[in-house]
Amino acid sequence: MSAPRLSVLGALAGAALLSACAPSLGPPPPGGGSRPPPPPPVTGSVNFSAQDFAWSQRPGSNVIAGRVAYRQGAARFTCAGSAVVLTPETRWSSRRMAALYGSTQSAALPTDEVRARTPSAPAGDAGPFVKRTTCDEADQFAFGGLPDGAWYAITIARPAGRPDAPTVALMKRVVVRGGRTVALAM
């Protein structure tokens with residue numbers, strides 16, 4: 001083989017190895033399996049600033065119509081009666097999602113695992129800027145009057161019909177613009 005062909009094959013082999021090591025999101029499948037790796041450490045300084053959240057307090061005409069459709073194998077999960085929070089996206093909240101969920105896009109992790117990661121998340125109180133509602137019996141929720149921007153929807157779900165079963169924390173990023181209703185499946 002020629003030298004250029006060997007370097008291409010080497011690069012392909014390296015890419016295959018790296019993709020095999022890519023982290024997966026979500027809890028392990030029932031009956032065992034390995035846990036996803038912990039999220040990468042939060043690096044750099046991103047301090048909480050109420051000013052960064054100011055955009056989220058403006059009135060708007062966007063709506064998020066959400067529903068929980070999460071399944072793990074044959075088990076359907078429900079969020080009925082659980083709180084649903086909507087956190088505005090800022091540099092600080094993005095870093096917090098990365099620390100808690102290992103992603104800034106979406107995740108489904110055991111609730112205890114997310115809670116255990118809390119000490120490693122950036123400190124700050126976004127509470128005054130977070131919007132809250134409750135998931136109904138049909139596993140649906142909605143937020144209205146939202147300004148244009150990106151948000152993180154978060155809720156807790158448990159296997160349907162198993163009130164004492166371990167819960168899963170669900171997080172998903174959603175962008176709203178132009179006075180529209182955005183359907184969000186978690």
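As shown above, the structure is provided for reference.
Residues numbered from 1 in each chain as written. Predicted model: local features only at pLDDT ≥ 70, side-chain atom pairs only at ≥ 80, totals over all residues. Heavy atoms only, no water.

**Student:** Outline the overall build of the protein, listing residues and values.
**Tutor:** Within the protein one finds 3 helices and 10 strands. Order of helices (α) and strands (β) in the protein, N terminus to C terminus: α-β-β-β-β-α-β-α-β-β-β-β-β. Taking all 186 residues of the protein together, the buried fraction comes to 38%. Counting contacts in the protein only where the partners sit at least 6 residues apart, residues at least 24 apart contribute 77% of the total. (Helix = DSSP H or I, 4+ residues; strand = E, 2+ residues; numbered from the N terminus. Buried < 20%, exposed > 50% of the residue type's maximum accessible area, 1.4 Å probe, protein only. Contact = heavy atoms within 4.5 Å.)

**Student:** Could you give an account of the sheet that holds strand β1 (residues 62-67), naming the residues involved and the relevant values?
**Tutor:** Reading across the sheet, the 3 strands line up as β7-β1-β10 and stay open at both edges, with mixed pairing between neighbours. Where the open sheet ends on each side, the last strands, each with one partner, are β7 (140-146) and β10 (181-185). Direction aside, neighbouring strands of the sheet carry axes that sit 15 degrees apart on average. Direction of pairing for β1 relative to β7: antiparallel, over a ladder of 5 bridges. The residue bridging Arg 67 from the neighbouring strand is Gln 140, located in β7. (Pairing = 2+ DSSP bridges. Axes fitted to C-alpha atoms, helices over the stretch in contact; angles between N-to-C directions.)

**Student:** Help me get a handle on the state of the cysteines, residues and values and all.
**Tutor:** Counted by the stated rule, this structure contains 1 disulfide. Cys 79 shares a disulfide with Cys 135; S-S distance 1.7 Å. Here the residue Cys 79 occupies a position in the loop between β3 (75-78) and β4 (83-88), and Cys 135 occupies one in the loop between β6 (131-134) and β7, the gap between them amounting to 56 residues. Of the two residues, Cys 79 and Cys 135, both sit in the buried class. (Disulfide = S-S within 2.5 Å.)

**Student:** Before we move on, could you go through the packing of aromatic side chains and cite the residues and values that matter?
**Tutor:** The description of two aromatic rings rests on the distance between their centres and on the angle between their planes. Taken as a whole and assessed by the stated rule, the structure comprises 7 aromatic pairs. Aromatic side chains Phe 53 and Phe 129 sit 5.1 Å apart centroid to centroid with 20 degrees between the ring planes, which places their arrangement in the stacked category. A residue pair is termed long-range when its members are at least 10 positions apart, and Phe 53 in the loop between α1 (3-20) and β1 and Phe 129 in the loop between α3 (111-117) and β6 qualify at 76 residues. Here the two residues Phe 53 and Phe 129 agree in accessibility, since each one is buried. An aromatic cluster of three or more residues is present, and its members are Phe 48, Phe 53, Trp 92 and Phe 129. (Phe/Tyr/Trp six-rings, centres within 6.5 Å; stacked < 30°, edge-to-face > 60°.)

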